[in-house]
Amino acid sequence: MEILVCIKRVPDTSENEIEVNRDGTDIERDDLVYSVNEWDNYAVEEAIQIRDKVGGSVTVVTVGDEEGEEVVRREMAMGADHGILISDEAFTGSDGKGISAVLKAEVEKGNYDLILTGAQADDGAGQVGGMLAAMLDRPYASLVNLIEVVDEKTIKVGREIAGGNQEMNEIDLPCVLSIQTGINEPRYVGIRGIRKVASLEIPVHTATELGIGADAAGTSAARSKRLDYFVPEPGEGAEILEGSTDEIIDKLIELLKAKGGIK
Amino acid sequence: MAQQIFAYILHKDGTADDTALELIAAAGVLNPDASITAIVAGSGAELDTVCQNIGPRFDEVWKIDHEALAYVNAEVLRPALVRILPKASTILIPHEHFGMDLAPGLSVKLDAAFLPDVFGLEGIENEKLKAIREEFLGQVSTHVLCDVSNGVVITVRPGSFKADESRNRDIQIVDKSAEALADGVPGSARRYLEVVAAEVGDVDITKSDVLVSVGRGIEDQDNLEIVFDLAKAMGADVSCSRPIVDAKWLEKSRQVGTSGQTVKPKVYLALGISGAFQHLGGIKGAPFIIAVNKNPKAPIFQAADVGVVDDILDFIPELTDRINEIKG
Ligand SMILES: Cc1cc2nc3c(=O)[nH]c(=O)nc-3n(C[C@H](O)[C@H](O)[C@H](O)COP(=O)(O)OP(=O)(O)OC[C@H]3O[C@@H](n4cnc5c(N)ncnc54)[C@H](O)[C@@H]3O)c2cc1C
Ligand SMILES: Nc1ncnc2c1ncn2[C@@H]1O[C@H](COP(=O)(O)O)[C@@H](O)[C@H]1O
């Protein structure tokens, strides 16, 4: 099975406190630790496991600046066979539909049976997978937490729905799926693994090569534009307990007793 | 003619979801004079019950009735919606698992703009809609300006608009089934099979009065011991956020949130949990929430009643010791 996994390089929220810069035009980008989007890492692991079971290959692709190469390489160290960086000034300012249009052009250059995205990325949109599927006219399932290959033309997928329940579907290939965390346990990538792929050439694809005009991606095509970043006025936020740890614990225990929190 | 805004209604067992009235509120912010049309898909008597129940709240209810929609599959519904929605429509859809399945592709097929997971709206000026979203799991917010001249699909975060119960209209139900399914039920390349029910665990956190809930801030599986010790001292049960379940450190039945359990404790102690809306969405009944987090800007402090800014690995054992001391 030929599998393409879309990945994105994002600031790692478990490693960083995200802050707004002084004029609210961006987040503070200095000293940010970046990594591959959490959901995408599960998608790559799943692709590798499917390939190891039924054969084929795994390609990872990202749309981003040249730093994007770093996550492509990381996921190749994990076990992806090929990596592609799609990078062009012309793509700056793309909205979700623009990114999807770029990915669609890349998909059409290959011969993929299965295309995976993460369920969502750093902007919490959860849009690229569904848009890409619609543009390609291929079936889509979101929030997938189980994949079983039935035969060359069909797979069975579980979707995570409310309350921990799972919705089972059969879906024809080729298709697009967005992957939910917890579908597998992504393998650890050590320094040695990274070193092994350090010298591999990663092809860079541009707007011209993909035939993407300014009407399809980039600022002028974008119908949504982010105006600013801000931290909402702290409304009725929590009362923060102050003092020494001992004092804080005293207050907390008092509150817990009053509210029935200690039996 | 007043602008027509569409709201997609989720329902189960003949009852409309809470989000139905929230979408009315959102539509009201977009345009207070708009006529609001509910779209409800399903099958048979259950569908009719839903239409009757929500009927008075909407100017019109469009129903799409077919046995193939008894369990609504987004891949089947999407082409049906594309057939009935007028050009340049505005359609509001709840941002949960079904909306996430349906909406992005719908916006492409309608050639409309897409605004995902919106939790605030500031109205429309010159065909530009200003919306508020969150990024980085709620750590920062953004204003987004969206060109809606060719229509827009908006997914609205559940719970972010206060239900509008004020409307009371004559019920107007329009059967759109024939038009929506004019070419028959779209043959779907994705076929619904069944729903596999969640596994039941050894504790039922939905019944707990006091929950000690742990998130990724616990850092390591071995550290869970201090959480269980604290819970024992308090007489509480242990629940958790999603990453703890993803890592298989605790069973799924302990996960609080939209894709886990809905809990209604009296007291909820959140330890090393950032406060993503999918987590908070599982906490109901307005419990007293205490959050301990080392990041003073963590969104959980917006939801909590009381907060402690500290490292949980230090704080938890101290708290446990003191409770045990007091109890003797
Ligand atoms: C469709 C969908 C459904 C979802 N459903 C759910 C759901 O049902 N339940 C759920 O929980 N999530 C759900 N999620 C995931 C959700 O978006 C978040 O990713 C998740 O809730 C984050 O969990 P967390 O707060 O434990 O981790 P993080 O967001 O990583 O937060 C960890 C927190 O711990 C703090 N911390 C770190 N170390 C320490 C320390 N030593 N001491 C004190 N504090 C520390 C950090 O400051 C941070 O605030 C869902 C996501 C999607 C897309
Ligand atoms: N710039 C990008 N390059 C490649 N894939 C992307 C990019 N942005 C988003 N994706 C994919 O789309 C998924 C959902 O992202 P989003 O729609 O932005 O929430 C991600 O998990 C990725 O798989």
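Quick notes on the rules
- In this convention, every chain numbers its residues from 1, walking through the sequence in written order.
- Naming scheme: in the order in which they are written, chains are lettered from A and ligands are numbered from 1.
- Totals for whole chains, interfaces and linings use every residue, but because this is a predicted model, local features are given only for residues with pLDDT of at least 70 and side-chain atom pairs only at 80 or more, for both listing and counting.
- Think of the side-chain values as coming from all heavy atoms in the structure, minus any hydrogens and water.
- Two strands qualify as a pair provided DSSP detects at least 2 bridges between them.
- Strands here mean DSSP runs of E at least two residues long; helices mean DSSP runs of H or I at least four residues long; both are numbered from the N terminus.
- Domain borders in the structure are assigned automatically or taken from a domain database.
- Here a residue is near a molecule or strand as soon as one of its heavy atoms is found within 4 Å of it.
- Counted as a polar contact is a pair of N or O atoms within 3.5 Å, where, for protein atoms, one must be capable of donating a hydrogen and the other of accepting one, and residues adjacent in sequence contribute only when both atoms are in side chains.
- Accessible surface area values rest on a Shrake-Rupley calculation with a 1.4 Å probe, where residue burial reflects the displayed protein chains alone.
- When residues are grouped by polarity, Ala, Val, Leu, Ile, Met, Phe, Trp, Tyr, Cys and Pro land in nonpolar, Asp, Glu, Lys and Arg in charged, and all others, Gly among them, in polar.
- Put simply, two rings from Phe, Tyr or Trp (the six-membered ring, in Trp's case) pair if the centres are within 6.5 Å, and we call them stacked under 30 degrees between planes, edge-to-face over 60, tilted for the rest.
- Only protein chains enter the accessibility calculation, which uses a 1.4 Å probe; a residue whose area is less than 20% of its type maximum is buried, one above 50% is exposed, and one in between is partly exposed.
- Criterion for a charge above a ring: Arg CZ or Lys NZ at most 6 Å from the ring centre, at most 35 degrees from the ring normal.
- Working convention: axes come from line fits to C-alpha atoms, limited for helices to the stretch in contact. Angles between N-to-C directions cover 0 to 180 degrees.
- Crossings are classed by handedness, with left-handed meaning an anticlockwise turn of the near helix from the far one by less than a right angle and right-handed meaning a clockwise turn.
- We call two residues contacting when some pair of their heavy atoms lies within 4.5 Å.
- Grouping into patches uses exposed residues only, defined as over 30% relative accessible area, and leaves out salt-bridged ones; the cut-off is 9 Å for like charges and 5 Å for nonpolar side chains (Val, Leu, Ile, Met, Phe, Trp, Tyr).
- Should a side-chain nitrogen of Lys or Arg be within 4 Å of a carboxyl oxygen of Asp or Glu, the pair is scored as a salt bridge.
- The convention is simple: Lys and Arg are positive, Asp and Glu are negative, and His and the chain ends are not counted.
- Think of each charge as sitting on NZ of Lys, CZ of Arg, CG of Asp or CD of Glu.
- Put simply, buried area is how much 1.4 Å-probe accessible surface two parts lose in total, over both of them, once they are put together.
- Residue count minus one, scaled by 1.5 Å, sets the expected span of a helix.
- What we call the bend at a residue is the angle made by axes fitted to the seven residues finishing there and the seven residues starting there.

**Notes on the sheet that holds strand β9 (residues 166–172) of chain A**
Right, on to step 1. Reading across from one edge, β11(A)-β5(A)-β4(A)-β1(A)-β6(A)-β10(A)-β7(A)-β8(A)-β9(A)-β13(B) is the order of the 10 strands in this open sheet, with mixed pairing throughout. Lying at the two open borders of the sheet, with one neighbouring strand each, are β11 (204–205) of chain A together with β13 (190–196) of chain B.
Right, on to step 2. Here 5 bridges tie strand β7 (residues 140–149) of chain A to strand β8 (residues 154–160) of chain A, and the two strands are oriented antiparallel to one another. For A:Val149, the partnering residue across the bridge sits in β8(A) and is A:Ile155.

**Some remarks on the domain arrangement of chain A**
Right, on to step 1. For chain A, the assigned domains read domain 1 (2–221) and domain 2 (236–263).
Right, on to step 2. Just the C-alpha atoms count here: the centres of domain 1 of chain A and domain 2 of chain A sit 44 Å apart.

**Observations regarding the site of ligand 1**
Right, on to step 1. Close to ligand 1 lie 31 residues, the nearest being B:Ser241, B:Val256, B:Ser259, B:Ser274 and B:Gln278.
Right, on to step 2. Those chains with residues close to ligand 1 are chains A and B.
Right, on to step 3. One of the backbone N or O atoms of B:Gly260 is found 3.4 Å from an oxygen atom in ligand 1.
Right, on to step 4. Here ligand 1 loses 93% of its free accessible area of 1,000 Å² to cover by the protein chains.
Right, on to step 5. Among the secondary structure elements, those contributing two or more residues to the shell around ligand 1 are α7 (242–246) and α8 (277–280) of chain B.
Right, on to step 6. The class makeup of the residues in the shell around ligand 1 is 9 nonpolar, 16 polar and 6 charged.

**Digging into the packing of aromatic side chains**
Pairs of aromatic rings are described using the distance from one ring centre to the other and the angle between the two planes.
Residues and elements named next belong to chain B.
Right, on to step 1. Tallied over the full model, the rule gives 3 aromatic pairs over all chains.
Right, on to step 2. Both rings, one in Tyr 8 and one in Phe 98, keep their centres 5.7 Å apart while their planes meet at 25°; by these two values the pair is stacked. Placement of the pair is Tyr 8 in strand β1 (residues 4–8) and Phe 98 in helix α4 (residues 97–110), with a sequence separation of 90 residues. Across the pair, Phe 98 and Tyr 8 agree in class, each one buried.
Right, on to step 3. Above the ring of Phe 277, the side-chain terminus of Arg 157 is found at 3.8 Å from the ring centroid.
Right, on to step 4. In this arrangement the basic side chain of Lys 176 is found over the ring face of Trp 62, its NZ or CZ atom lying 4.1 Å from the centre.

**Comments concerning the site of ligand 2**
All names here are of chain A.
Right, on to step 1. Inspection of the region around ligand 2 gives 19 residues, with Cys 6, Asp 40, Val 63, Gly 126 and Gln 127 positioned closest.
Right, on to step 2. Ile 7 is positioned such that a nitrogen or oxygen atom in its backbone is 3.3 Å from a nitrogen atom of ligand 2.
Right, on to step 3. Here a nitrogen atom of ligand 2 sits 2.8 Å away from a polar atom, N or O, in the main chain of Val 63.
Right, on to step 4. Considering ligand 2 on its own, with 470 Å² of exposed area, one finds that the protein chains cover 98% of that surface.
Right, on to step 5. A total of 3 residues in the shell around ligand 2 trace back to one element, the largest contributor, which is strand β4 (residues 57–63).
Right, on to step 6. Of the residues contributing to the shell around ligand 2, the split by class is 9 nonpolar, 7 polar and 3 charged.

**Observations regarding the packing of helix α1 (residues 38–54) of chain A against helix α2 (residues 69–78) of chain A**
All names here are of chain A.
Right, on to step 1. At their nearest, the axes of α1 and α2 sit 10 Å apart, and the two run at 35° to each other. As for the relative orientation of α1 and α2, their crossing is right-handed in sense. Side by side, α1 and α2 meet where Asp 40, Asn 41, Val 44, Glu 45 and Ile 48 of the first sit next to Arg 74, Glu 75 and Met 78 of the second.
Right, on to step 2. Of the residues belonging to the contact of α1 with α2, the class tally is 3 nonpolar, 1 polar and 4 charged.

**Some thoughts on the sheet that holds strand β11 (residues 152–156) of chain B**
All names here are of chain B.
Right, on to step 1. Here we have 7 strands laid out as an open sheet, ordered β7-β11-β6-β1-β4-β5-β12, and parallel in their pairing. Among the strands making up the open sheet, the edge pair consists of β7 (113–118) and β12 (173–175). Each strand of the sheet is rotated relative to its neighbour by a mean of 20°, with strand direction disregarded.

**Details of a negative patch on the surface**
Right, on to step 1. Where like charges cluster on the molecular surface, the negative patch consists of B:Glu219, B:Asp220, B:Asp222, B:Glu225 and B:Asp229.
Right, on to step 2. Its place among the elements puts B:Glu219 in the loop between β14 (210–214) and α6 (224–234).

**Some remarks on the interface of chain B and chain A**
Right, on to step 1. Taken together, the contact between chain B and chain A spans 84 residues of the former and 83 residues of the latter.
Right, on to step 2. Buried area between chain B and chain A, both sides added, is near 7,300 Å², and the carbon and sulfur share of it is 55%.
Right, on to step 3. Here chain B is connected to chain A by 14 salt bridges.
Right, on to step 4. For A:Glu38, the salt bridge is made with B:Arg216, and the minimal N-O distance between the two is 3.0 Å.
Right, on to step 5. Where chain B meets chain A, there are 47 residue pairs in polar contact (both at pLDDT 80 or more).
Right, on to step 6. Per-element tally for the side of chain B that touches chain A: the top contributor is α4(B), with 9 residues.

**A word on α4(B)**
All names here are of chain B.
Right, on to step 1. For α4, with 14 residues, the first-to-last C-alpha span of 21 Å sits near the 20 Å given by 1.5 Å per residue.
Right, on to step 2. At Ala 103, α4 shows its maximal bend, which comes to roughly 25°, and the proline Pro 104 appears one to four places after that position.
Right, on to step 3. Within α4, 13 of the 14 residues are buried, leaving the element largely enclosed by the surrounding structure.
Right, on to step 4. For α4, the side-chain oxygen to backbone nitrogen distance between the N-cap and Phe 98 is 2.9 Å, and the N-cap itself is Glu 96.
Right, on to step 5. Within two residues after α4, Asp 111 carries a phi angle of roughly 50°, on the positive side.

**Regarding the pattern of salt bridges**
Right, on to step 1. Summed over the entire model, instances satisfying the criterion amount to 40 salt bridges over all chains.
Right, on to step 2. In this structure, the salt-bridge partner of A:Asp137 is B:Lys109, at a minimum N-O distance of 2.7 Å. In this pair, A:Asp137 is assigned in the loop between α4 (128–136) and β7 and B:Lys109 in helix α4, connecting two distinct chains.
Right, on to step 3. For A:Asp137, a relative accessible area of 62% translates into the label exposed.
Right, on to step 4. Close ionic contact of B:Asp101 with B:Arg190 constitutes a salt bridge, the shortest N to O distance being 2.9 Å. Placement of the pair is B:Asp101 in helix α4 and B:Arg190 in strand β13, with a sequence separation of 89 residues. Just as B:Asp101 is buried, B:Arg190 falls in that class too.
Right, on to step 5. A network of salt bridges, in which partner residues are shared, links A:Arg159, A:Glu167, B:Asp101 and B:Arg190.

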